[in-house]
Amino acid sequence: MAIIERPETTPAVPGGPSVPATVTPASSLGALKRPVTTTGWKSWLFTVDHKKIGIIYGVIGMFFLVVGGVEALLIRLQLASAEGKVLNASVYNQMFTMHGTTMVFLFSMPMANAFANYFLPLQLGARDVAFPRMNALAVWLTLTGGIILNLAWFLGGAADGGWFMYAPNSGPIFSPSNGVDFWVIGLQIAGIGSLIGSINLIVTVLNMRAPGLSLMKMPVFSWMMLVVQFLLVFSLPVITVALTLLMFQRGFGATFFDVAQGADPLLWQHLFWIFGHPEVYILVLPAFGIISEVLPTFSRKPLFGYPFVVFSGAAIGLVGFGVWAHHMFASGLGPVSVAVFSIATMAIAIPTGVKIFNWTLTMWGGKIWFATPMKFAIGLVVLFTFGGLSGVTHSVAPSDTQQTDTYYIVAHFHYVLFGGMVFGLFSGLYYWWPKVFGKRLNERLGSWNFWLMFIGMNMTFGPMHILGLQGQPRRMYQWTENRAGEGFFDLGFWNMIASVGSFVLAIGILFFFINMVWTTKKEPKSSLDPWDARTLEWITSNPPKEHNFDRIPTVSHLDEFFHRKYQEDHATESMTPIKTAEEILAEEEANADAHIHLPSPSYWPLVLAVGIGVLGLGVIYGVPTMIIGGSIVLVAIFGWVLEPSVAEDFDYEGTSHDDGPSKELTTHG
Amino acid sequence: MSTATEQNTTTHGDSHEHGMSDAGYIKIAIILALITALEVSTYYIDFGPLFLPSLIIMMIAKFVMVVSYFMHLKFDSRIFAFLFYTGLGLCLFVYLWALATFKFFG
Amino acid sequence: MADVAVHADHSADHQAHQGSTGLSNNKLAMWLFLGSECLLFGGLISTYMLYRGRVKDGPHPHQIYDIPFTSVSSFVLLMSSLTMVLAVTAAQRHDDRRTNLWLTVTAVLGATFVGGQIYEFTAFYREGLGFTTSLFSSSFYTLTGFHGVHVSVGIIMLLVTVGVIKKNRVVGNKAESVELVGLYWHFVDIVWIVIFTLVYLIPS
């Protein structure tokens, strides 16, 4: 979809009467006018602005962080003491299933999308993404999927087959409640959203870079997000197949996973993990991208080995498609398959190690500034390394046969996901908060946030290495005194430590929310460039104007912003400041483009998402619901295709000056 | 900026012809039809040990011809081919390997 | 400098000078989508290949397939790819009448194919091959059903394109819109090329 000019009234003849610009197509068929409000709740519901959409993703993500976190705390409360009575077995199964599902699909992926949506166009020097309405559709589909997934709690019990939902256990005989159906539908819908989003972002990166911004001058965050989108585009269809087969089995009696009919349960496992393994790189690469921006900024040094960091990211993505069966070492694959996947898994540690080296060497010899974003970034490097090391032990298949399905695995993936991904996300939150909201988050509260999370995380997941190697299995709702052992290996003791740790962790995260509120109320506005940053997104106001850049910047260097501020002298190996951020921004404003084209808001992405949601629920509730949903979908698609590409000029009642979003505009129904 | 209101633009970017006339497309279609006829003939004629390989080769030939000529991939930017063939390549890789673990190929 | 009147099709100008690669956004998106669809159909085809011989009850593949009938169907779909290409070249020559003619023929051929599929499925059903009869039947119907739905969506897109061209409401580059519909249509055809060989011609 092309970026369309918002019509303005300009004199046909200088000094003459204003003439409204004609818009295309000629008529809007009445009902298909586009919404035009730029403030208030309508401006959020019908927005196609990537920045607003990024914030919506962020709100979704942080909300589900709390939901998933509460689910985790309940699990830890149950396991804090022997024969816990907090949750019964059935509820426990639902709890760990939804904790995993929520954290993976409703927290991490939306948060990554929050950063990608907000910052990719800014880092690329663009005014929006390639397909703004598709972008809006993607976020509303994510929310719809998340709602459907969690509706199950209130409608008969949530899904309870584990986040990986192995069939035939997840089939109608062993999981008779509706929970799995909600899970399947919710994920299918969220998956469509992710697929649309990924196509959108790839085209954005390929096609909407500022002049001079070659791919090898792109910030590493943009590169990592590009790799992530490719992983999504090619892995999502595989889980779509798996979910569809399960849906047909549960809904229509197909026998895909019915062993009595000759089915092979490994089919589900292969399909799920062919998606599931790239998925974990989808989760962690954004965090890698974020700290690749933060570490150089706070070390006052350029990223060490930029090409290596970029290519290793791409290598991780590609090889990530070749290791999935390491999740299936104990499933009876046979020695040849196990050996091959074992070696492939060892191989993927190499590009990851390359990144760790590059990040460490970035810091070496730098002038480190231990602001909160940097603390989280260094935390990632340390904690992810621990997680990666335990991961390498899993790659040795005979060793994994003992570790699999124990808490040792839980320890591994929480170190890489929490220590890796979550710490990276928090680093990004602290780093980019002044850009998005105009204020720096409070440093003292940030320090408390970090240290409580760091200590809490290690208290919670550190002992799980011991618990796992001593044999505590996953997904068991109780442990008993007589199995718990004694002395150093008193598993009861370590379970208690882990549970206490989880609450320390929760308080740490609470500090983030406290910091958010405190900062909004009490902190002063931030300067334009509080961290002396390096990349293009900082050549904008705080927050950026609706159109991002007054003039699309021309790029001639990697770390373009940094090169505009400082002159390097290779002879004396020194840098002289030549311009401040304020001066650079003022220069851009002085040379603003005369005509700035912005996409108009639209009702139809939201309507279509709602229609798809109702259609999905119809799979559970029957044909009448499907018909209603289907009708909404049809109306929405036709509305989308046929709506005018711009709002008509009589929908506006503003003045002739184009100052962007501050006009109060009328809307039509 | 011109004020003419053309209904169609004359700039097509990458979508202009690269020498395939309608006659050329019809020729490709005839070749595809002949290959299809040959494929169907395997139902009636015993190809012996050549049965499986020839069917696979014919399938691939038709696939590549439709992609390269009808979908114009041969004449368009390499980027499109990269996007599509990466998907196809990953598809072949993961699914053939998964089937192999099921001892599908013996 | 006033920039008053706007082209009816001015978004195409934006397309002409947008794009760091010089390529159209929509075309990049379509090829990406088709690359992703390879993995979707690959999964369904693999499931079929795994389960094709697993028949506890009901007919086996070789007992039920009507190769001559399906061959005609396949030929019809193949020819619809030719007519689709002719629609695209007509659109590039700005010949709206021819474009709509070929688009309609393509839709008719596609509908013939779908009609053939429906006939085939009802015949199989009457011969005892229901959706849940066996693993073979579930996988067969799921795979060919997904393909049939894709063809049907394609037919709708073709007819909508005809309507939109007739009413002169095309947003953006008309020839490109037809080309994009064409890419989708050809993809649906190449999936069938694979299905016809692997499912029908190669016995289990």
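So, how was this worked out
- Residues numbered from 1 in each chain as written.
- Chains lettered and ligands numbered in written order.
- Predicted model: local features only at pLDDT ≥ 70, side-chain atom pairs only at ≥ 80, totals over all residues.
- Heavy atoms only, no water.
- Helix = DSSP H or I, 4+ residues; strand = E, 2+ residues; numbered from the N terminus.
- Areas by Shrake-Rupley, 256 points an atom, 1.4 Å probe, with all protein chains shown as cover.
- Buried < 20%, exposed > 50% of the residue type's maximum accessible area, 1.4 Å probe, protein only.
- Contact = heavy atoms within 4.5 Å.
- Lys, Arg positive; Asp, Glu negative; His and termini not counted.
- Charge placed at Lys NZ, Arg CZ, Asp CG, Glu CD.
- Buried area = accessible area lost by both parts, 1.4 Å probe.
- Salt bridge = Lys/Arg side-chain N within 4 Å of Asp/Glu carboxyl O.
- Polar contact = N/O pair within 3.5 Å; in protein donor to acceptor, adjacent residues only side chain to side chain.
- pLDDT = per-residue confidence, 0-100.
- Expected span 1.5 Å × (residues − 1).
- Bend = angle between axes of the 7 residues up to and from the residue.
- Pairing = 2+ DSSP bridges.
- Phe/Tyr/Trp six-rings, centres within 6.5 Å; stacked < 30°, edge-to-face > 60°.
- Lys NZ or Arg CZ within 6 Å of the ring centre and 35° of its normal.
- Patch = residues over 30% accessible without salt bridge, like charges linked within 9 Å, V, L, I, M, F, W, Y side chains within 5 Å.
- Core = buried A, V, L, I, M, F, W, Y, C linked by side-chain atoms within 4.5 Å.
- Axes fitted to C-alpha atoms, helices over the stretch in contact; angles between N-to-C directions.
- Parallel < 35°, antiparallel > 145°, perpendicular 65-115°, else oblique.
- Left-handed = near helix turned anticlockwise from the far one by under 90°.
- Nonpolar A, V, L, I, M, F, W, Y, C, P; charged D, E, K, R; others polar.

### Structural notes on the overall build of chain B
And then number 1: What chain B contains, in helices and strands, is three helices and zero strands.
And then number 2: When the elements of chain B are put in sequence order from the N terminus, they spell out α-α-α.
And then number 3: Accessible surface, chain B: about 5,700 Å² in total, of which carbon and sulfur atoms supply 72%.

### Describing the overall build of chain C
And then number 1: Counting its regular elements, chain C contains seven helices and zero strands.
And then number 2: Counting from the amino terminus, helix and strand elements in chain C follow one another as α-α-α-α-α-α-α.
And then number 3: Principal-axis analysis of the C-alpha atoms gives chain C an extent of 80 × 35 × 25 Å.
And then number 4: Burial status across chain C gives 67% buried among its 204 residues.
And then number 5: If you take every contact in chain C between residues at least 6 apart in sequence, the share linking residues at least 24 apart comes to 80%.
And then number 6: Just so you have it, chain C exposes about 6,900 Å², and 64% of that area is on carbon and sulfur atoms.
And then number 7: Within chain C, one finds 12 positive and 13 negative side-chain charges whose respective centroids are separated by 5 Å.

### Section: the interface of chain A and chain B
And then number 1: Tallying the contact residues gives 18 residues for chain A and 14 residues for chain B.
And then number 2: Contact between chain A and chain B buries roughly 1,300 Å² in total, counting both sides, with carbon and sulfur atoms accounting for 84%.
And then number 3: Joining chain A to chain B, the criterion identifies zero salt bridges.
And then number 4: On inspection of chain A and its partner chain B, the count reaches one residue pair in polar contact (both at pLDDT 80 or more).
And then number 5: Of all the elements in the fold, those that place two or more residues in the side of chain A that touches chain B are α6 (220-252), α7 (266-299) and α9 (335-363) of chain A.
And then number 6: Take the side of chain A that touches chain B: its biggest share by element is five residues, from α7 of chain A.

### A closer look at the side chain of asparagine 135 of chain A
Residue and element names in this part refer to chain A.
And then number 1: In this fold, asparagine 135 is placed in helix α4 (residues 132-151).
And then number 2: Using a relative accessible area of 2% as the deciding quantity, one classes asparagine 135 as buried.
And then number 3: Beyond its immediate stretch of four places on either side in the chain, asparagine 135 contacts His50, Ile53, Asn117, Val129 and Asn200.

### Thoughts on the pattern of salt bridges
All names here are of chain A.
And then number 1: Applying the stated criterion to the full structure yields 19 salt bridges over all chains.
And then number 2: Residue arginine 551 is joined to glutamate 588 by a salt bridge in which the shortest nitrogen-to-oxygen separation is 3.0 Å. On the criterion of sequence distance, the pair formed by arginine 551 in the loop between α14 (491-522) and α15 (560-565) and glutamate 588 in helix α16 (residues 581-590) is long-range, its members being 37 residues apart.
And then number 3: Assessed through its relative accessible area of 26%, arginine 551 is described here as partly exposed.

### What about the confidence of the model for chain C?
Residues and elements named next belong to chain C.
And then number 1: Averaged over every residue, the pLDDT of chain C is 90; residues scoring 70 or more account for 91%.
And then number 2: Below pLDDT 50 for its whole length, residues 1-17 participates in 44 contacts with residues either more than four positions away or in separate chains.
And then number 3: Scored by ipTM, the complex comes to 0.91, with pTM at 0.91.

### Digging into α7 of chain A
Three or four residues apart is the spacing at which side chains of an α-helix point the same way, because the helix has 3.6 residues per turn.
All names here are of chain A.
And then number 1: End to end, α7 covers 48 Å across 34 residues, agreeing with the expected 50 Å (1.5 Å per residue, within 8%).
And then number 2: The sharpest bend along α7 reaches about 30° and sits at tryptophan 273.
And then number 3: Counting buried residues along α7, 33 of its 34 residues qualify, which places the element largely inside the surrounding structure.

### What about the pairing of strand β3 (residues 566-569) of chain A?
Residues and elements named next belong to chain A.
And then number 1: As paired strands, β3 and strand β4 (residues 574-577) are joined by four bridges and run antiparallel to one another. Within the sheet, the bridge partner assigned to aspartate 569 lies in β4 and is serine 574.
And then number 2: What sits between the antiparallel neighbours β3 and β4 is a turn of four residues, in which glutamate 573 has the positive phi angle 50°.

### Examining unusual backbone geometry
And then number 1: The linkage connecting alanine 167 of chain A with the following residue, proline 168 of chain A, adopts the cis geometry, with an omega of 0°.
And then number 2: Of note, proline 168 of chain A is situated in the loop between α4 and α5 (179-207).
And then number 3: Of note in the backbone geometry, aspartate 559 of chain A takes a positive phi value of approximately 55° without being a glycine.
And then number 4: Counting through the fold element by element, aspartate 559 of chain A comes out in the loop between α14 and α15.
And then number 5: For aspartate 559 of chain A, a relative accessible area of 14% translates into the label buried.
And then number 6: One non-glycine residue, lysine 103 of chain B, lies in the positive phi region at around 55°.
And then number 7: Turning to its location among the elements, lysine 103 of chain B is positioned in the segment after α3 (78-101).

### As for the packing of aromatic side chains
Residue and element names in this part refer to chain A.
And then number 1: Summed over all chains, the structure comprises 79 aromatic pairs over all chains.
And then number 2: It is lysine 522 that lies over the ring of tryptophan 518; its NZ or CZ is 4.6 Å from the centre.
And then number 3: One residue, arginine 534, lies across the ring of phenylalanine 562, its end atom 4.0 Å from the ring centre.

### Section: the side chain of arginine 474 of chain A
Residue and element names in this part refer to chain A.
And then number 1: Along the chain, the position of arginine 474 falls in the loop between α13 (443-469) and α14.
And then number 2: Among buried charged residues, arginine 474 stands out as having no salt bridge; its nearest opposite-charge side chain is aspartate 405, 4.5 Å away.
And then number 3: For arginine 474, the contacting residues outside a window of four places in its chain are Phe164, Asp405, Thr406, Tyr407, Ile409, Val410 and Phe413.

### Comments concerning a nonpolar patch on the surface
And then number 1: On the surface, a cluster of nonpolar side chains totalling about 500 Å² of accessible area is made up of Phe304, Phe357, Leu361 and Trp364 of chain A.
And then number 2: If you trace the backbone, leucine 361 of chain A turns up in helix α9.

### Considering helix α7 (residues 174-201) of chain C
All names here are of chain C.
And then number 1: The end-to-end C-alpha separation of α7 is 39 Å, in line with the 40 Å expected for 28 residues at 1.5 Å each.
And then number 2: Along α7, the sharpest change in direction is near 30° and occurs at isoleucine 195.
And then number 3: With a side-chain oxygen lying 3.1 Å from the backbone nitrogen of alanine 175, the N-terminal cap of α7 falls on asparagine 173.

### What to know about the nonpolar core
And then number 1: Of all hydrophobic cores here, the largest spans 302 residues; its most connected members are Trp324 and Phe426 of chain A, Phe84 of chain B together with Tyr65 and Phe140 of chain C.
And then number 2: The greatest single-element share of this core, amounting to 23 residues, is contributed by α6 of chain A.
And then number 3: Those residues in contact with phenylalanine 140 of chain C that sit more than four places away from it in its chain are Tyr48, Tyr65, Glu120, Phe121, Phe124, Leu129, Gly145, Val199 and Tyr200 of chain C.

### Considering the packing of α9 of chain A against helix α10 (residues 372-395) of chain A
Residue and element names in this part refer to chain A.
And then number 1: Between α9 and α10, the shortest axis-to-axis distance is 10 Å and the interhelical angle comes to 160°. By the angle between their axes, α9 is roughly antiparallel relative to α10. Where α9 crosses over α10, the handedness of that crossing is left-handed. For the pair formed by α9 and α10, the contact residues are Ser342, Thr345, Met346, Ala349, Thr352, Ile356, Trp359, Thr360 and Met363 on the first element and Met374, Ile378, Leu380, Val381, Phe384, Thr385, Val392 and Ser395 on the second.
And then number 2: Of the residues in the contact of α9 with α10, the class split is 11 nonpolar, six polar and no charged.

### Comments concerning the environment of aspartate 569 of chain A
And then number 1: Of note, aspartate 569 of chain A is situated in strand β3.
And then number 2: Among the polar contacts listed, one links the side chain of aspartate 569 of chain A to the backbone nitrogen of alanine 571 of chain A, at a separation of 3.1 Å.

### Here we look at the packing of helix α2 (residues 50-79) of chain A against α4 of chain A
Residues and elements named next belong to chain A.
And then number 1: Packing of α2 against α4 leaves a shortest axis separation of 10 Å and a crossing angle of 15°. Viewed along their axes, α2 and α4 adopt a mutual orientation that is roughly parallel. Crossing angle aside, the handedness with which α2 passes α4 is left-handed. On the side of α2, the interface is formed by His50, Ile53, Ile56, Tyr57, Ile60, Phe64, Val67 and Glu71, while α4 contributes Pro132, Asn135, Ala136, Ala138, Val139, Trp140, Thr142, Leu143, Gly146 and Asn150.
And then number 2: Looking at side-chain class alone, the contact of α2 with α4 contains 12 nonpolar, five polar and one charged residues.

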